[in-house]
Amino acid sequence: MAVTLGEGFLAVAILAGVGLCLLGGYCYRRWTEPGVGPYAAVAVVLGLGGIAGAAVALFYGRVMPEGVVPLWSNVALTGWVLAMVPWVFFAFEYTGRYERIRWRTRAAIASPVVGAMLLLVLEGIAIPSNVLTQLFGTVALLYTFGLVAVGSYLLVRTTYEYGHLSLLQGASLTIGGVAPLVLLNVVGTTGGGLHSAVVSGIYAMAFVTPLFGFLVAVFRYEMFDSTPAAGAIGE
């Protein structure tokens, strides 16, 4: 059986997801600098989301019936939402804004994200929701976007302020966190009107982009060899 172009792109997405998981595991074993743990969690959770979404798409075969595109894009988007919780913890720890975050504080920050994940799951399996659940889910999604914005701002600002860091390092990290949101939303909102190969290609880019950005930050700019946290904590 011949492999279609769309299936090839989905395979690329799975490989990118595997790459993110391997990168997260490598960073966690290789370094002990502030922010390594949350960063590894971001990469692994994001990678697993990409793998799961592509697997759901491949399960439905070459012909994706109406309603399937939001399902498998929402699976991946749910992984992205979950990954944004350790994302903001990574930004706090890596930039030295908070050296230690209590578990109660972590739980308080993460709790609204559960609502966003619930909304995505309900939409994906086509369960009707009332106005209250939609409002709660929308607020939770906006809260998640806020986490992304705060984390991205801290990373870009810190790499700009410290002379030994490159602004491109902060940009590559930010692109890695934001790109999946933008591209997965394109898949979810316009996927039904596009050719399946185009949709699959956009989906693949949603995970190839963060993999590339994270690899550049880790190996090109050696982000964990000289972290800004020490200077911030010293001040």
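This text goes with the structure placed above it.
Residues numbered from 1 in each chain as written. Predicted model: local features only at pLDDT ≥ 70, side-chain atom pairs only at ≥ 80, totals over all residues. Heavy atoms only, no water.

(A) Layout of the packing of helix H2 (residues 36–59) against helix H7 (residues 196–220). Relative orientation of the contacting elements H2 and H7 amounts to 160°, with a least axis distance of 10 Å. Taken as axis vectors, H2 and H7 run roughly antiparallel relative to one another. For H2 against H7, the interelement crossing comes out left-handed. On the side of H2, the interface is formed by Tyr39, Val42, Leu46, Gly49, Gly50, Gly53 and Ala54, while H7 contributes Tyr203, Phe207, Pro210, Phe214 and Val218. Among the residues making up the contact of H2 with H7, the classes are represented as 9 nonpolar, 3 polar and no charged. (Axes fitted to C-alpha atoms, helices over the stretch in contact; angles between N-to-C directions. Helix = DSSP H or I, 4+ residues; strand = E, 2+ residues; numbered from the N terminus. Parallel < 35°, antiparallel > 145°, perpendicular 65-115°, else oblique. Left-handed = near helix turned anticlockwise from the far one by under 90°. Contact = heavy atoms within 4.5 Å. Nonpolar A, V, L, I, M, F, W, Y, C, P; charged D, E, K, R; others polar.)

(B) Inspection of the pattern of salt bridges at higher detail. For the structure on display, the rule yields 1 salt bridge. Across the pair Arg157 and Glu161 runs a salt bridge, and its minimum N-O distance is 2.8 Å. In this pair, Arg157 and Glu161 are both assigned in helix H5 (residues 131–161), 4 residues apart and thus about one turn of the helix distant. (Salt bridge = Lys/Arg side-chain N within 4 Å of Asp/Glu carboxyl O.)

(C) The packing of helix H1 (residues 5–30) against H7, seen in detail. Between H1 and H7, the shortest axis-to-axis distance is 8 Å and the interhelical angle comes to 25°. Classified by the interaxial angle, the pair formed by H1 and H7 is roughly parallel. The chirality of how H1 crosses H7 is left-handed. Residue composition of the contact of H1 with H7, grouped by class: 21 nonpolar, 4 polar and no charged.

(D) Fine view of a nonpolar patch on the surface. A cluster of nonpolar side chains, Tyr26, Leu215 and Phe219, forms an exposed patch at the surface whose accessible area comes to about 250 Å². Note on Leu215: relative accessible area 34%, which makes it partly exposed. (Patch = residues over 30% accessible without salt bridge, like charges linked within 9 Å, V, L, I, M, F, W, Y side chains within 5 Å. Areas by Shrake-Rupley, 256 points an atom, 1.4 Å probe, with all protein chains shown as cover. Buried < 20%, exposed > 50% of the residue type's maximum accessible area, 1.4 Å probe, protein only.)

(E) Region of the structure containing the packing of aromatic side chains. Under the definition given, this model contains 11 aromatic pairs. Measuring from ring centre to ring centre gives 5.8 Å for Tyr26 and Trp31, while their planes differ by 90°; the resulting arrangement is edge-to-face. Between Trp80 and Phe145, the aromatic rings sit 6.4 Å apart at their centres with planes inclined by 50°, giving tilted as the arrangement. One end of the pair, Trp80, is in helix H3 (residues 68–94); the other, Phe145, is in helix H5, with 65 residues separating them in the sequence. On the basis of relative accessible area, Phe145 is assigned to the partly exposed category, the value being 32%. (Phe/Tyr/Trp six-rings, centres within 6.5 Å; stacked < 30°, edge-to-face > 60°.)

Distances and angles like these do not, on their own, reveal function.
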